[in-house]
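# Per-entry structural report
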Amino acid sequence: MKRQEYKISFEPTGRQVYALPDTILLEAAAQAGLILQTPCGGAGKCGKCRLKVVSGACPPSANCRPALGETEVAQGYRLACQARIQGDLVVEVPVTSLFESQQQILVQAADLPPGSARALSPGRSASAEPGRPGEMELCPAISKHFVELDMPSQADARSDVERLRTAIRPTDFDPVGIRLLRLLPGLLRRQGFRGTAVIVDGDLVDFEPGDTTSQCYGIAVDVGTTTLVGTLINLKTGLDMGVEAKINPQTSYGDDVIARIRKCREDAKGLAQLQRVIIGAVNEIVDELVRAAGIDRAHIYEIVMAGNTTMQQIVCGIDPSALGELPFVPVFTDAPHLNAADLALEINPCGKVFIFPQIGGFVGGDTVAGIVASRLDRETETVLFVDIGTNGEIVLAHKGQMIATSVAAGPAFEGARISCGMRATSGAIEKVVMDGDLRMNVIGNTRPAGLCGSGLIDTVAELLRLGILDPTGRLRTPDEVPSTTALALRKRLIEQEGHVDFLLAHKTETVSGKPLLLTQRDVREMQLANAAISAGISILLEMEGLKPMDLSRVLLAGAFGNFIRRNHARRIGLLPPIPCDRIRFIGNASSLGAKRALLSVAEKQAAAAIARAVRHVDLSLSPDFQTAFSSAMLFPEDDPGKGCEG
Ligand code: FES
């Protein structure tokens with residue numbers, strides 16, 4: 001095993017990763033969790049992925065000068081999609097190069113008359129450029145109003161509520177709920193009729209002592225089957241204040257949604273248990289965000305959550321059993337509006353919870369959030385959105401319409417059900433190159449502990465390229481491999497009990513002191529996940545009478561997607577045979593969509609319109625799916641797009 005990795009430090013975040021020589025900078029940035037803009041798909045034409053090399057040698061690529069100009073090149077700017085890593089680097093990431101920076105928030109919108117957010121209509125925040133996040137109004141569902149009220153007197157004996165209502169005009173609020181009505185007289189009088197009225201979604205929810213108008217926060221949560229990601233956002237500025245991620249503790253009850261549904265169906269206490277642990281984990285995320293930011297949790301007034309249909313229903317304490325049997329019906333499609341107290345979420349007890357609207361079957365709020373984030377609903381071209389997770393969600397936008405489906409990919413790409421599989425954390429082999437022998441990149445620059453999804457795809461793609469793996473997914477014996485196979489690679493083929501395994505790392509090289517093997521069984525497990533996604537894509541294309549080359553772009557969402565080498569994903573048939581520059585990474589689109597909804601009422605309205613507009617396709621009822629799935633179990637004979645850089 002040859003390992004020579006370079007340290008890449010990204011400023012101003014200080015994130016560091018280790019990358020193999022010749023890795024493109026874009027890939028290293030993704031590994032550091034920095035998703036860059038790539039509107040030209042990494043063709044070196046748009047210049048949007050520019051980064052500044054502060055120290056270390058990184059010669060400009062051929063496209064660098066035409067795209068960036070002589071001055072910027074002299075200042076150290078490089079195209080991340082083209083620059084190849086040849087040594088240790090310190091790189092500055094301009095905020096304008098980040099994918100999420102396209103979410104340019106119109107901060108001045110916060111100065112609109114209080115409450116005007118409610119008057120916004122869907123589409124008001126529309127981006128001029130389809131398919132890109134573009135600008136967005138900062139117009140959250142929350143407004144705060146500091147008031148100093150006249151004391152009641154014989155001459156002015158208006159009710160407490162009317163006194164407050166008059167003072168905050170033109171903002172208005174709905175009839176006050178009984179909880180606050182009981183508290184309001186005490187709050188007003190203790191505070192000398194001076195304080196901050198808090199309106200959330202049209203409801204007066206609190207009257208806080210003093211002027212707290214600058215303290216207004218919300219949390220966007222991506223509720224994944226495997227991972228939960230929460231982002232704390234300042235709703236006055238629209239800026240992120242912190243991000244926390246946790247493994248979804250429900251994984252101890254099963255690693256996919258089917259196992260969770262089964263738990264709810266078969267165990268009378270199952271739903272309550274699953275809801276309790278996931279709410280507990282979200283509360284832990286809230287704790288950590290609040291502590292790190294040094295704010296009062298009472299000033300968090302809204303949580304927006306986006307997840308698949310099963311996760312969203314369990315979060316709400318709604319039995320997902322009907323999703324476990326034909327015709328796989330979710331309980332709701334419109335977004336339920338809840339109070340934080342309804343779900344025992346530990347923010348302001350009168351705070352609100354927005355759960356994303358759902359499309360149908362297993363296509364849930366996370367997909368709607370992904371569409372909101374990617375602006376797929378505004379596409380005029382033919383674009384495919386693919387979110388690869390335990391469940392693969394696929395949406396095809398064509399001629400102004402969208403169709404969506406979901407496939408059970410299983411957790412192989414997340415490292416589960418693979419003998420040496422692991423998540424993409426420290427010790428995971430995340431990149432594999434075979435040139436004479438095997439070279440690998442290990443997250444954290446440590447000894448390898450296992451193989452994560454991107455390393456799995458790389459390994460299989462490389463084995464296919466070299467003819468060590470045949471298109472049926474069988475690992476060839478040392479005698480069967482092509483005569484050109486390097487001896488070092490040939491020696492990695494271990495024959496045992498009638499099959500062949502491939503040695504990734506010798507026992508002396510690993511953390512555990514045990515060898516790391518890609519077994520024949522692992523390849524089969526991966527083929528199942530690969531075929532499910534691939535078949536889902538081909539069925540949607542067929543339904544619209546399209547060929548892969550009709551796709552203008554493929555948007556790859558999900559944390560896992562960031563790490564995939566596009567040419568390798570295409571080589572194994574996971575992605576359609578199109579040029580790599582049509583395949584774009586868009587990061588954790590579900591999380592970004594949730595943030596957008598938190599920041600703007602109009603985005604919530606857009607989400608509702610999207611959920612109603614997308615046509616859901618249930619593949620379990622499609623006679624063609626099994627056929628497509630069977631043929632996708634075979635890997636392509638050859639790379640369908642040879643010559644494209646990934
Ligand atoms: S130049 Fe367009 S993505 Fe790099």
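Predicted model, so just to flag it, every value in this text is computed and none were measured.

This next bit is on the overall build of the protein chain. A tally of regular secondary structure across the protein chain gives 16 helices and 28 strands. Its C-alpha radius of gyration of 26 Å places the protein chain within 12% of the 26 Å reference for a compact globule of 646 residues. Taking all 646 residues of the protein chain together, the buried fraction comes to 51%.

Before going further, it helps to examine the sheet that holds strand β11 (residues 217–223). Pairing is mixed in the open sheet, where six strands are placed in the order β13-β12-β11-β14-β16-β15. Because the sheet does not close on itself, it has two edges, and the strands there are β13 (240–247) and β15 (337–339). In this sheet, adjacent strand axes meet at a mean angle of 20 degrees when their direction is disregarded. Sheet topology places β15 next to strand β16 (residues 352–355); three bridges connect them, and they run antiparallel. Within the sheet, the bridge partner assigned to L338 lies in β16 and is V353. Set on the sheet, helix α7 (residues 270–293) makes contact with β11, β12 (227–234) and β13; between it and β13 the angle comes to about 145 degrees.

This part is about the domain arrangement of the protein chain. Along its sequence, the protein chain is organised into domain 1 (6–101), domain 2 (142–209) and domain 3 (420–518). One C-alpha centre belongs to domain 1, the other to domain 3; they are set 29 Å apart. Facing the four residues of domain 1 at the interface are six residues of domain 3. Its residues placed into classes, the side of domain 1 that touches domain 3 shows three nonpolar, one polar and no charged.

On to the sheet that holds strand β23 (residues 493–496), then. Two strands in a sheet stick together by hydrogen bonds in their backbones, pointing the same way (parallel) or opposite ways (antiparallel). The sheet built from three strands is open, its strands ordered β23-β24-β25 with antiparallel pairing. On the outer flanks of this sheet lie β23 and β25 (516–518), each paired with one strand and no other. Direction aside, neighbouring strands of the sheet carry axes that sit 40 degrees apart on average. In terms of strand pairing, β23 meets strand β24 (residues 499–505) through four bridges, oriented antiparallel. Counterpart to I494 in the pairing with β24 is D501.

This part is about the packing of helix α6 (residues 257–266) against α7. Running from amino to carboxyl end, α6 crosses α7 at an angle of 135 degrees, the nearest separation of the two axes being 6 Å. With respect to α7, the axis of α6 lies oblique. Residues R260, K263, C264 and E266 of α6 lie in contact with α7, whose contacting residues are G270, L271 and L274. For the contact of α6 with α7, a count of residues per class yields three nonpolar, one polar and three charged.

Residue R169 is joined to P170 through a cis peptide bond whose omega torsion reads 15 degrees. Note that P170 resides in the loop between α4 (160–167) and α5 (178–190). Backbone torsion omega between L326 and P327 reads 0 degrees, so that peptide bond is classified as cis. As for its position among the elements, P327 is in the loop between α8 (309–315) and β15. The phi dihedral of N445 falls on the positive side, at around 55 degrees, and the residue is not glycine. Its place among the elements puts N445 in the loop between β21 (437–442) and β22 (450–451). The class of N445 is partly exposed, set by 16 C-beta atoms lying within 10 Å.

Glancing now at the nonpolar core. Core analysis: the biggest nonpolar cluster contains 189 residues, and L25, A29, A80, M305, V395, L451 and V460 have the highest contact counts within it. Once residues within four sequence positions are removed from consideration, M305 is found in contact with V221, V223, Q312, V315, V353, I355, F356 and A594.

In this section: the environment of E27. Structurally, the position occupied by E27 is in helix α1 (residues 25–31). Judged by C-beta crowding, with 28 C-beta atoms within 10 Å, E27 ranks as buried. Between the C-alpha atom of E27 and that of C81, which follows or precedes it by 54 residues, the distance is 7.9 Å.

The next point concerns helix α12 (residues 520–543). Taking 1.5 Å per residue as the helical rise, α12 with its 24 residues ought to reach 34 Å, and the 34 Å between its terminal C-alpha atoms agrees with that figure. Burial analysis of α12 places 18 of its 24 residues in the buried class, the great majority of the element. Backbone geometry just after α12 places G545 at a positive phi near 65 degrees.

Another aspect to go through is the confidence of the model for the protein chain. On average, the protein chain scores 88 in pLDDT, and the residues at 70 or more come to 92%. Under a pLDDT of 50 for its full length, residues 102–134 has, in the predicted model, 82 contacts with residues more than four places off or in other chains.

A few words on α6. Residues of α6 that are buried include every one of V257, R260, I261 and C264, and no others. Along the long axis of α6, the arc covered by the buried residues comes to 100 degrees, so they all point the same way. In this structure, the buried side of α6 is in contact with α7, α8 and β18 (391–398).

Let's shift gears to the packing of helix α9 (residues 365–374) against helix α15 (residues 601–613). Two elements in contact, α9 and α15, have axes separated by 10 Å at closest approach and are oriented at 120 degrees. In terms of orientation, α9 lies oblique with respect to α15. α9 and α15 meet at a crossing whose hand is right-handed. Residues V368, I371 and V372 of α9 touch α15, and the partners they reach there are E603, A606, A607, I610 and A611. Partitioned by chemical class, the residues of the contact of α9 with α15 number seven nonpolar, no polar and one charged.

Below, the discussion takes up the environment of R612. Here R612 shows up in helix α15. For the pair formed by R612 and T367, sequence separation is 245 residues and the distance between their alpha carbons is 13 Å.

What follows concerns the pairing of strand β26 (residues 553–557). For β26, the buried fraction is high: five of the five residues fall into the buried class. Of the two faces of β26, the one lined by R553, L555 and A557 and the one lined by V554 and L556 are each fully buried. In this sheet, β26 lies alongside strand β17 (residues 383–387) in parallel orientation, the contact comprising five bridges. Looking at β26, one finds that D387 is bridged to A557. Judged from the four bridges that link them, β26 and strand β27 (residues 583–587) form a sheet pairing that is parallel.

What counts and how
- Residues numbered from 1 in each chain as written.
- Predicted model: local features only at pLDDT ≥ 70, side-chain atom pairs only at ≥ 80, totals over all residues.
- Helix = DSSP H or I, 4+ residues; strand = E, 2+ residues; numbered from the N terminus.
- Rg over C-alpha atoms; globule rule 2.2 N^0.38 Å.
- Buried ≥ 20, exposed ≤ 12 C-beta atoms within 10 Å, placed from the backbone.
- Pairing = 2+ DSSP bridges.
- Axes fitted to C-alpha atoms, helices over the stretch in contact; angles between N-to-C directions.
- Contact = placed C-beta atoms within 7 Å.
- Domains from an automatic or database assignment.
- Nonpolar A, V, L, I, M, F, W, Y, C, P; charged D, E, K, R; others polar.
- Parallel < 35°, antiparallel > 145°, perpendicular 65-115°, else oblique.
- Core = buried A, V, L, I, M, F, W, Y, C linked by C-beta atoms within 7 Å.
- Expected span 1.5 Å × (residues − 1).
- pLDDT = per-residue confidence, 0-100.
- Arc of directions from axis to C-beta.
- Left-handed = near helix turned anticlockwise from the far one by under 90°.

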